[in-house]
Amino acid sequence: MEQKDIQSENLRSGLWHKAGFIGLIVLAYVIQYAAGRVDLGFEVPSVLAICVYIIVTEIVSVFENLCALNHELVASPLGKLFSQTPKVEDAEKLAAGNGGK
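Here goes a summary of the coordinates provided. Just so it is clear, the structure is predicted and the values come from calculations on it, not from any experiment.

So, on to the overall build of the chain. Looking only at helices and strands, the chain has 4 helices and 0 strands in total. Its helices and strands in sequence order give the chain the pattern α-α-α-α, from N to C terminus. Evaluated residue by residue, the chain yields a buried proportion of 19% over its 101 residues.

Listed below in structure tokens is the structure:
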């Protein structure tokens, strides 16, 4: 049985997460700008740190979704890190209910 439903609640949640990331970048830029104006004696690389965090978060999310779609990836060394995540576990239960298809 295939799931072909789109849940608007999940879409809204994802949209708010992305908006939160943008807000976090803006806040980090303001902090970095203010730290440059007020000589603290050191540089605050907050924008770079936040952007790296967001990029890593999105890469992990994409790989988690790939593991949920392709169970062969779960057997890979990197995939084993994601084998216990809810998305992958739910996909495995769905596949087991469909005879592994």
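Having seen it, we continue.
Counting 5 residues, the largest nonpolar core is built from Phe21, Ala28, Val47, Ile50 and Ile54. Mapped by element, the contributors of at least two residues to this core are α1 (8–37) and α2 (46–69). Considering every element that reaches this core, the biggest residue donor is α2, with 3 residues. The contact partners of phenylalanine 21, leaving out residues within four places of it in the chain, are Tyr53, Ile54, Thr57 and Glu58.

The next thing to look at is a nonpolar patch on the surface. A cluster of nonpolar side chains, Ile22, Val26, Tyr29, Val30 and Tyr33, forms an exposed patch at the surface whose accessible area comes to about 530 Å². Judged by relative accessible area, which is 46%, valine 30 ranks as partly exposed.

Our next topic: the packing of α1 against α2. Angle between the axes and distance between the axes are the two parameters that describe a pair of packed helices. For the pair α1 and α2, the least separation of the axes is 8 Å and the interaxial angle reads 160°. The orientation of α1 relative to α2 falls into the category roughly antiparallel. Here the hand of the crossing between α1 and α2 comes out right-handed. Along the contact surface, α1 presents Lys18, Phe21, Leu24, Ile25, Ala28, Tyr29, Ile31 and Gln32, while α2 presents Ser46, Val47, Ile50, Cys51, Tyr53, Ile54, Thr57 and Glu58. Its residues assigned to classes, the contact of α1 with α2 comprises 11 nonpolar, 3 polar and 2 charged.

Cut-offs used in this document
Residues numbered from 1 in each chain as written. Predicted model: local features only at pLDDT ≥ 70, side-chain atom pairs only at ≥ 80, totals over all residues. Heavy atoms only, no water. Helix = DSSP H or I, 4+ residues; strand = E, 2+ residues; numbered from the N terminus. Buried < 20%, exposed > 50% of the residue type's maximum accessible area, 1.4 Å probe, protein only. Core = buried A, V, L, I, M, F, W, Y, C linked by side-chain atoms within 4.5 Å. Contact = heavy atoms within 4.5 Å. Patch = residues over 30% accessible without salt bridge, like charges linked within 9 Å, V, L, I, M, F, W, Y side chains within 5 Å. Areas by Shrake-Rupley, 256 points an atom, 1.4 Å probe, with all protein chains shown as cover. Salt bridge = Lys/Arg side-chain N within 4 Å of Asp/Glu carboxyl O. Axes fitted to C-alpha atoms, helices over the stretch in contact; angles between N-to-C directions. Parallel < 35°, antiparallel > 145°, perpendicular 65-115°, else oblique. Left-handed = near helix turned anticlockwise from the far one by under 90°. Nonpolar A, V, L, I, M, F, W, Y, C, P; charged D, E, K, R; others polar.

On their own, these measurements won't tell you what the molecule is for.
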